[in-house]
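The primary structure of each chain is shown beneath.
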Amino acid sequence: MLTPDRSTRRTHGVVYTPQSVADEIARICSALPGRVASILEPSCGDGVFLRSSQCRFTSAAVTGVDIDGVALNAARQNLPAANYVQSDFLSFAQEAADVRFDLVIGNPPYVRKHNFSATVKLGVEALSVRSEYPITHLKNAWVAFVVAAVGMLSPKGTLAFVVPYELITVNYAEFLRGWLAARFKQIDIYVPEEKAFKSIDQDAVVLVATNAVPDKVGVNFHKVSSLDNLNKDATRCKAASVSTNMESISFILDANERDFLAKVYADLNKVGDYCDSSAGTVTAANDFFILRKEDVFRFGLEDWARPILKKGAYVKSLPIFSSDDFQSLEMSDPCYLIDFCASDGKPLDGHAYAYISMGEDLGIDKRYKSLHRRPWYKIPVVRQAPGLFFKRSHKLPKLCMNKAGVLSTDTAYHVYPKLGYTMENICFSFYNSLTLLFCEIEGRFYGGGVLELTPKEFRRLPLVYSSASVAKNEAFLAAFNDQSRILDLGDEWLRESKIFDADDLSLFRSILVKMQTHRLRHGA
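What you see is a predicted model; the values in this text were computed from it and never measured.

A. Highlighting the overall build of the protein chain. Along its length, the protein chain carries 22 helices and 21 strands. Along the longest, intermediate and shortest principal axes, the C-alpha atoms of the protein chain span 75 × 65 × 35 Å. By residue count, 55% of the 524 residues in the protein chain fall in the buried class. Of the contacts made within the protein chain by residues no fewer than 6 positions apart, 72% connect residues no fewer than 24 positions apart. Put simply, the protein chain has 61 plus and 60 minus side-chain charges, and the middle of one group is 3 Å from the middle of the other.

Structure (C-alpha cells):
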C-alpha cells in the first residue's frame, strides 16, 4: 500500500484506506436494493475501493480517477479490467457532466482551502456555479468531492465516502448535512470508537447516502467499534434534523438527554448576555511581528513593542494570567508585538524602517492579509481586554482573567464584560458541568481531541451568572488545576442558584463525562 509523505498529504490530501475498511463499505453498499451497473472511485489511488466493489458487484463497469499517474499504474496492476482516467476529479466531473454512476465510492482528499492548488481552486469555483452550492461552504476538498460526486449519481444511486469527523461538527459541514438530507432518501453515518487513520491523527466517519431505497428513511447515526466493522445493530440513533449540533451528536446522547438539554438551553441566559467578545489580533506573520524581548532591543524597536500572547499554550496558570506570568514568559518566548501604530503619532525612525525593509526582503508584504493593509506593516490591533477565551483547548476550555493587561493573537477571543458584570464573576460562573457540557456540544474537535469554539459559539454558551464571595473565589482558584474538584465546586454553587436540583446536576456531569470521553478517546 502506498504511504504518502506529510507534504503530499497536505497539498493533495492523500490518505490511503485499509483494504478491510474498503471491503466493509462495499459490503454495506451491496446490501442496498437495486442493481449497480457502474461504479466510480474518485481520487482512487491504488484502487482499493475498486477492488472491493468489483468483488461485490462482479458485472459492474468500474472507473477510477486520480491525478497521480504513479498511483494509477499501481491500480492498473491490481485491477487491469477497470477503466482509468488521469485527471483531478473536479475537472473530470465537469468534463463528464452527463455521465452517471450507480455507486460513487471512496475516500476523498482532505485538503483545507488555504492549501488548494490553482487547479483545485478553479475546479471548486466552477463546481459552486454548476451545482449552485455556496462557495463559502466549500472550505475543504472533501466537501467539493461530495458535492461533485452527488452530481454524477444516477437517480437511484448511492454515495459511500470515508470523510473527516468534521462532517458532524463544523459549520460548513452542517450546511452539507442539510443539503444531503434534501437530496437522499436515506443517509447512514457510521461513527467509530477507534480512530480511523492512526498514523496521521485523523478521525473519520463513513457516509452512505442513497436513493436506492423505496421510501424516505431520513438520517441515522451508527456508533460502531471501527470502520472495518459497520454493524448497524451496534448503536442506531435516528436524527430528527441534521442541521443542529444536538441532533448531530445523537449517537452519543439519547432522545431524553437531548430533549432535556434543549429545554435547559432555551431557558437560560447566554455568555453573550454578560459580555462582548472579538477575535484577537491577526498579524499575517507572527514570527516577524512577534519577537522575544532580546530581539526587540537588538532591532531597536522598543518604542513599538507591546506585550502579547502568541499561543494559548503559553498560559499555564488559569484562570488568571498575571504580570508575574508574563515576566516568566518573556524570559524565553516571543511575546512582544511590533505595532508601528503604538507610539502616539511618533514618526518611524531608522530602526523601524530597517526592520520594515527586512520584512519586504522576506516577502511579508506580499502575503494575502498584508496586501490588504495600507501600509502593509501597520497591523489592526484588537484592543486589550479584561478577559481571554482561548479558541482551542484540550481537557478543559480556557477562560482567564487578563490581569497582565496583554494583547492576544487570534489564538484567543478578547472578552469585554458588559456594564454591571465583572470578568472575575464571568470566569467563576463558567466552570461547572452545565457550561462546560455545552462547550462540548457547541464546539468541534480535531486530531488528538483538541476542542475548538468559534466566537459565535462561545457567546451562545449558557451561563448562570453568579457573584462570588472572597471565600468562594479563593476556593475556586485553589481547586482549578483539578477538574473533578473545580466541577464539584462549580456545580455546588450552581445548585445555590435554585434553578437546578441535584438530579439535574448529576445528569449534566454524566453527559459531560460521556462527551469528553468521546472527544478525548484519541488524544495523547
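Still more ground to cover, so stick around.
B. Structural context of the sheet that holds strand β10 (residues 275-279). The sheet built from 5 strands is open, its strands ordered β10-β19-β15-β17-β13 with mixed pairing. Looking along the sheet, the strands with just one partner apiece sit at the ends: β10 and β13 (320-321). Where strand β15 (residues 387-390) and strand β17 (residues 398-402) come together, 4 bridges link them in antiparallel fashion. The residue bridging glycine 387 from the neighbouring strand is methionine 401, located in β17. Contacts from helix α17 (residues 423-430) reach β10, β15, β17 and β19 (412-417), with the element oriented near 160° to β17.

C. Region of the structure containing the nonpolar core. Counting residues in hydrophobic clusters, the biggest one holds 168 residues, and the most contacted among them are Ile25, Phe89, Trp142, Leu176, Phe340, Leu399 and Phe430. In terms of residue count, the dominant contributor to this core is helix α7 (residues 141-151) (10 residues). Once you skip the residues sitting within four places of it in the chain, phenylalanine 340 turns out to touch Leu301, Trp304, Leu348, Ala352, Tyr355, Ile356, Tyr377 and Lys378.

D. Layout of the packing of α7 against helix α9 (residues 171-181). Running from amino to carboxyl end, α7 crosses α9 at an angle of 15°, the nearest separation of the two axes being 11 Å. Overall, the two elements α7 and α9 adopt an arrangement that is roughly parallel. As α7 packs across α9, the resulting crossing turns out to be left-handed. Of the residues in α9, those in contact with Trp142, Val143, Val146, Val147 and Val150 of α7 are Tyr172, Ala173, Leu176, Trp179 and Leu180. Within the contact of α7 with α9, the residues separate by chemical class into 10 nonpolar, no polar and no charged.

E. Focus on the sheet that holds strand β21 (residues 450-452). If you trace the 3 strands from one edge of the open sheet to the other, you get β16-β21-β20, paired in antiparallel fashion. Here the strands that pair on one side only, and so sit at the sheet edges, are β16 (392-393) and β20 (444-446). Relative to β21, β20 is paired through 3 bridges, and the arrangement is antiparallel. Within β21, the residue paired with phenylalanine 445 across the bridge is leucine 451.

F. Region of interest: empty space enclosed by the protein. The full count for this structure, using the stated rule, is 4 cavities of 30 Å³ or more. Of the pockets and cavities examined, the second largest cavity occupies roughly 80 Å³. Mapped by element, the contributors of at least two residues to the lining of the second largest cavity are α17 and α21 (483-495). Taken together, the residues of the lining of the second largest cavity sort by class into 5 nonpolar, 5 polar and no charged.

G. Main features of the environment of serine 277. Take serine 277: it is sitting in strand β10. Judged by its relative accessible area of 12%, serine 277 falls in the buried class. Contact partners of serine 277, with chain neighbours within four places excluded, come to His414, Val415, Pro455, Phe458 and Arg459. For serine 277, the side chain forms a polar contact with the side chain of arginine 459, separated by 3.2 Å.

H. Quick look at the packing of aromatic side chains. Evaluation of the coordinates by the stated rule reveals 31 aromatic pairs. With centroids separated by 5.0 Å and ring planes inclined at 45°, the aromatic side chains of phenylalanine 89 and phenylalanine 145 adopt a geometry described as tilted. With phenylalanine 89 in helix α5 (residues 89-95) and phenylalanine 145 in helix α7, this residue pair connects regions lying 56 residues apart in the sequence. Taken as a pair, phenylalanine 89 and phenylalanine 145 share a single burial class, namely buried. Ring centres 5.1 Å apart and planes at 20° place the aromatic pair tyrosine 274 and tyrosine 465 in the stacked group. Of the two residues, tyrosine 274 sits in the loop between α11 (255-267) and β10 while tyrosine 465 sits in the loop between α19 (455-459) and α20 (470-479), which places them 191 residues apart along the sequence. Tyrosine 465 matches tyrosine 274 in its accessibility class, with the two residues each being buried. Here arginine 383 stacks its cationic end above the ring of tyrosine 416, 3.9 Å away from the centre of that ring.

Conventions and cut-offs
Residues numbered from 1 in each chain as written. Predicted model: local features only at pLDDT ≥ 70, side-chain atom pairs only at ≥ 80, totals over all residues. Heavy atoms only, no water. Helix = DSSP H or I, 4+ residues; strand = E, 2+ residues; numbered from the N terminus. Buried < 20%, exposed > 50% of the residue type's maximum accessible area, 1.4 Å probe, protein only. Contact = heavy atoms within 4.5 Å. Lys, Arg positive; Asp, Glu negative; His and termini not counted. Charge placed at Lys NZ, Arg CZ, Asp CG, Glu CD. Pairing = 2+ DSSP bridges. Axes fitted to C-alpha atoms, helices over the stretch in contact; angles between N-to-C directions. Core = buried A, V, L, I, M, F, W, Y, C linked by side-chain atoms within 4.5 Å. Parallel < 35°, antiparallel > 145°, perpendicular 65-115°, else oblique. Left-handed = near helix turned anticlockwise from the far one by under 90°. Nonpolar A, V, L, I, M, F, W, Y, C, P; charged D, E, K, R; others polar. 1 Å grid on protein atoms, 1.4 Å probe; cavity = no way out; pocket = protein on both sides within 12 Å on 5 of 7 lines; lining within 4 Å. Points joined across faces, edges and corners; volume = space filled by probe spheres on them. Polar contact = N/O pair within 3.5 Å; in protein donor to acceptor, adjacent residues only side chain to side chain. Phe/Tyr/Trp six-rings, centres within 6.5 Å; stacked < 30°, edge-to-face > 60°. Lys NZ or Arg CZ within 6 Å of the ring centre and 35° of its normal.

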